[in-house]
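Coordinate inspection notes
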Amino acid sequence: EQAVTPVTIHVVPVSLAKVTATPTGNLKGGASTDLVVKVERQNEYAGEYKVKLTLPDKTKGITAAEATIPAGQNEVKLPVKADADVAAGQVPNLTVHVTGMYDGKVAITSESQKFNLTVEKAPAPKKEEPKKEEPKKKEEPKKKDEKKKN
């Protein structure tokens, strides 16, 4: 008889979350807006998710930091920033990637449906009139006692 080595099979889910991402408003040049990222947890996953916005390759002037949805939570606001000189218009085909660590070992990434973000030109800087400095009141020299004691 030959010894048979047991084979262990680990079943890993394909997805740990259903992801939706919604901009809270238009992105203005020189400002930021939030992207609300929600997850519908799947396969009894309760851990944290790493959240990252993926922009189309040639997108310039728009950045977003990565964020984390803590264990037990289902939502995070991802700030998206625009440079002051960003081009106005639609930025199509953005996606949000959400990654959870299954069993602490296997990274499983889910992505949102593609969505668009509207970018508006930076508001024109307000032209402020140079402030005219009001003439400062000269401090009057303190009057010496007129009656000097000799």
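Above: the structure in question.
Predicted model, so just to flag it, every value in this text is computed and none were measured. (Residues numbered from 1 in each chain as written. Predicted model: local features only at pLDDT ≥ 70, side-chain atom pairs only at ≥ 80, totals over all residues. Heavy atoms only, no water.)

**Regarding the nonpolar core**
The tendency in soluble globular proteins is for nonpolar side chains to be buried as a group. Membership of the largest hydrophobic core comes to 28 residues, with the highest contact counts inside it found for Leu35, Val37, Tyr49, Val51, Leu53, Val96 and Val98. Mapped onto this core, the elements with two or more residues apiece are β1 (17–23), β3 (32–41), β4 (49–54), β6 (67–69), β7 (75–82), β8 (89–102) and β10 (115–120). Residues contacting Tyr49, with those up to four places away along its chain left out, are Leu16, Ala17, Val39, Arg41, Gln42, Ala67, Thr68, Ile69, Val98, Thr99 and Gly100. (Core = buried A, V, L, I, M, F, W, Y, C linked by side-chain atoms within 4.5 Å. Buried < 20%, exposed > 50% of the residue type's maximum accessible area, 1.4 Å probe, protein only. Helix = DSSP H or I, 4+ residues; strand = E, 2+ residues; numbered from the N terminus. Contact = heavy atoms within 4.5 Å.)

**Describing the pairing of β8**
As judged from the six bridges shared by β4 and β8, these two strands associate in the antiparallel manner. Residue Val51 lies in a different strand from β8, and its bridge partner there is Val98. Where β8 meets β10, four bridges bridge the pair, whose relative direction is antiparallel. Its bridge partner being in β10, Gly89 is matched across the sheet by Val119. Here six bridges tie β8 to strand β9 (residues 106–111), and the two strands are oriented antiparallel to one another. Note that in β9 the partner of His97 across the bridge is Glu111. Where β8 folds back on β9, the antiparallel hairpin that results is connected by three residues, among which Asp103 adopts a positive phi of roughly 60°. (Pairing = 2+ DSSP bridges.)

**Quick word on the sheet that holds strand β5 (residues 62–64)**
Taken together, the four strands give an open sheet; going across it, the order is β1-β3-β7-β5, and neighbouring strands pair in antiparallel fashion. In this open sheet, the two strands that pair with only one neighbour each are β1 and β5. Ignoring strand direction, the axes of neighbouring strands in this sheet form an average angle of 25°. By the bridge criterion, seven bridges tie β1 to β3 in an arrangement that is antiparallel. Directly across from Thr22, in β3, lies its bridge partner Val36. (Axes fitted to C-alpha atoms, helices over the stretch in contact; angles between N-to-C directions.)

**Description of a nonpolar patch on the surface**
Together, Val7, Ile9 and Val11 make up an exposed nonpolar region whose accessible area comes to about 380 Å². Assignment of secondary structure puts Ile9 in the segment before β1. (Patch = residues over 30% accessible without salt bridge, like charges linked within 9 Å, V, L, I, M, F, W, Y side chains within 5 Å. Areas by Shrake-Rupley, 256 points an atom, 1.4 Å probe, with all protein chains shown as cover. Salt bridge = Lys/Arg side-chain N within 4 Å of Asp/Glu carboxyl O.)

**Looking at the side chain of Ser110**
By the secondary structure assignment, Ser110 is in strand β9. Within polar-contact distance, the side chain of Ser110 engages the side chain of Ser15 at 3.2 Å. Not counting residues within four places of it along the chain, the set of residues in contact with Ser110 comprises Ser15, Leu16, Ala17, Val19, Val96, His97 and Val98. (Polar contact = N/O pair within 3.5 Å; in protein donor to acceptor, adjacent residues only side chain to side chain.)

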